[in-house]
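Report on the structure
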Amino acid sequence: MQARRGSAALRELAEVSREAKIESLPVATELEWDSPLTLESILKYPHPKLRAPNARIGVFGEPLQRLANEMFDVMYRDDGVGLAAPQVGVNLRLMVFNAAGERGKGEEMVLANPRIVSSSKRSDTLEEGCLSLRLGETVINGDVTRPVQIKIAAQDVTGARVRLTLEGFEARVFQHEFDHLDGVLFHDRFAPPTLEANRAKLLEMEEAYLAAHPGSDVRRIAPAAA
Ligand code: CO
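As the structure is a prediction and not an experimental result, all values here were calculated from the model.

Calculation criteria
Residues numbered from 1 in each chain as written. Predicted model: local features only at pLDDT ≥ 70, side-chain atom pairs only at ≥ 80, totals over all residues. Heavy atoms only, no water. Phe/Tyr/Trp six-rings, centres within 6.5 Å; stacked < 30°, edge-to-face > 60°. Helix = DSSP H or I, 4+ residues; strand = E, 2+ residues; numbered from the N terminus. Buried < 20%, exposed > 50% of the residue type's maximum accessible area, 1.4 Å probe, protein only. Core = buried A, V, L, I, M, F, W, Y, C linked by side-chain atoms within 4.5 Å. Contact = heavy atoms within 4.5 Å. Polar contact = N/O pair within 3.5 Å; in protein donor to acceptor, adjacent residues only side chain to side chain. Salt bridge = Lys/Arg side-chain N within 4 Å of Asp/Glu carboxyl O. Donors = N, O, S within 2.8 Å, 3.2 Å for Na, K, Ca; no water.

**Thoughts on the packing of aromatic side chains**
This structure, assessed with the given rule, holds 4 aromatic pairs. Here Phe174 and Phe178 contribute two aromatic rings whose centre-to-centre distance is 5.6 Å and whose plane-to-plane angle is 15°, an arrangement assigned as stacked. With Phe174 and Phe178 both in helix α3 (residues 168-181) and 4 residues apart, this pair spans about one turn of that helix. Relative accessible area serves as the criterion here: at 0%, Phe174 is assigned to the buried category.

Printed below as a string of C-alpha cells:
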C-alpha cells in the first residue's frame, strides 16, 4: 500500500491498516530452511513464494542467528546489500542487510517482525536492483521513489525490541526488503515508462520460470496499456 504524498492523514491510515494486517498474521514457532543456503536458494521472479504471505517470527536466539548468518552468506556472494527471508523460500518476516555490502564493513542488521512506524514526507528516487530479479544476463533495474527517512520498530535476533531511525541508502534498503515481507517486488513500484523499459526482461523471466514449472500459478505483470 502506498499513501499519496502530501497527505499525512492518508499516510497514517495506510500505516494503521498495514499494522492491523501484520497483527493478524500467524506466528511461526519453528524455523525450517534448506541448509546450507546456496546461490541456487535465491528464488527468482515470478516464483510464487515471493508473493506468498509471510508469518511473524516466534523463534529467536541460536536457530534464528544461524538462518540470518546463512542469509548474509548468500547475500554477500551474490553482491547484494539486503535479503528478505521469502527470497530464500522461507515465508517469515525476517530481513538481513548491510548497506556496505561487504563482510567486515558497515553494519549487519538482522530484523525480525519489522514495521514502519513513520515515514518522512520527503522522498527521493534512485535506481534499485533485486537478487530475485536477475537471471544470468537478464537484469532488472529501475528507479523507485521512496521516503528518505523512516522510523522503524522490530525485534533483534534475541527477540529484544529495537527502534531505529534509518536515513538515506539504509532507509531505502530497509524499505525494499520490507516490501518483500508484504509480497511486493520493486518493479511493482516502477513508474509506467520504467516498467515498459523492463517489460521484455520481465516477460523473459516469466517464460523461463513457466518453462521450468509448467502450469504453475504465478502472478505476471499486467499487459501494456493500449
Ligand atoms: Co529484492
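**So, the nonpolar core**
By size, the foremost hydrophobic cluster in this structure holds 27 residues, and its most contacted members are Met71, Leu83, Val88, Leu94 and Val96. In terms of residue count, the dominant contributor to this core is helix α2 (residues 62-77) (8 residues). Residues within four places of Leu94 in sequence aside, it is in contact with Ile57, Leu64, Leu67, Met71, Ala84, Ala85, Val110, Leu111, Ala112 and Leu181. Ranked by size, the runner-up nonpolar core spans 16 residues in total, among them Met109, Ala154, Leu166 and Ala171.

**Describing the side chain of Asn113**
Structurally, Asn113 is set in strand β5 (residues 109-119). A distance of 2.8 Å separates a polar side-chain atom of Asn113 from the backbone nitrogen of Ile57. Only 3.0 Å separates the side chain of Asn113 from the side chain of Gln155, close enough to count as a polar contact. Each residue touching Asn113, except ones within four places of it in the same chain, is listed here: Arg56, Ile57, Phe60, Arg93, Ala153, Ala154 and Gln155.

**Let's talk about the pattern of salt bridges**
For the structure shown, the criterion picks out 14 salt bridges. Measuring nitrogen to oxygen at the nearest pair gives 2.6 Å for the salt bridge that ties Arg189 to Asp179. Of this pair, Arg189 sits in the loop between α3 and α4 (192-212) while Asp179 is found in helix α3, placing the two residues 10 residues apart along the sequence. When its relative accessible area of 3% is taken as the criterion, Asp179 is described as buried. In this structure, a network of salt bridges that share partners links the residues Asp124, Glu128, Arg146, Arg172, Asp179 and Arg189.

**Topic: the coordination of the cobalt ion**
The coordination sphere of the cobalt ion contains the protein donors Cys130 (SG), His176 (NE2) and His180 (NE2), at a distance range of 2.1 to 2.2 Å. We note that the donor set of the cobalt ion lies within a single chain, spaced as C-x45-H-x3-H. Here the residue His176 and the residue His180 both occupy positions in helix α3, the gap between them amounting to 4 residues, near one helical turn. Overall, His180 belongs to the buried group, its relative accessible area being 1%.

**Looking at unusual backbone geometry**
Between Ser35 and Pro36 the backbone carries a cis peptide bond, its omega angle lying at -5°. Relative to the helices and strands, Pro36 is located in the loop between β1 (27-28) and β2 (56-57). Of note, the bond from Tyr45 into Pro46 is cis; its omega dihedral lies within 30 degrees of zero at 5°. Of note, Pro46 is situated in the loop between β1 and β2. Even without being a glycine, Asp79 presents a positive backbone phi close to 60°. We note that Asn113 has phi near 50°; this positive angle belongs to a residue other than glycine. For Asn113, a relative accessible area of 15% puts it in the buried group.

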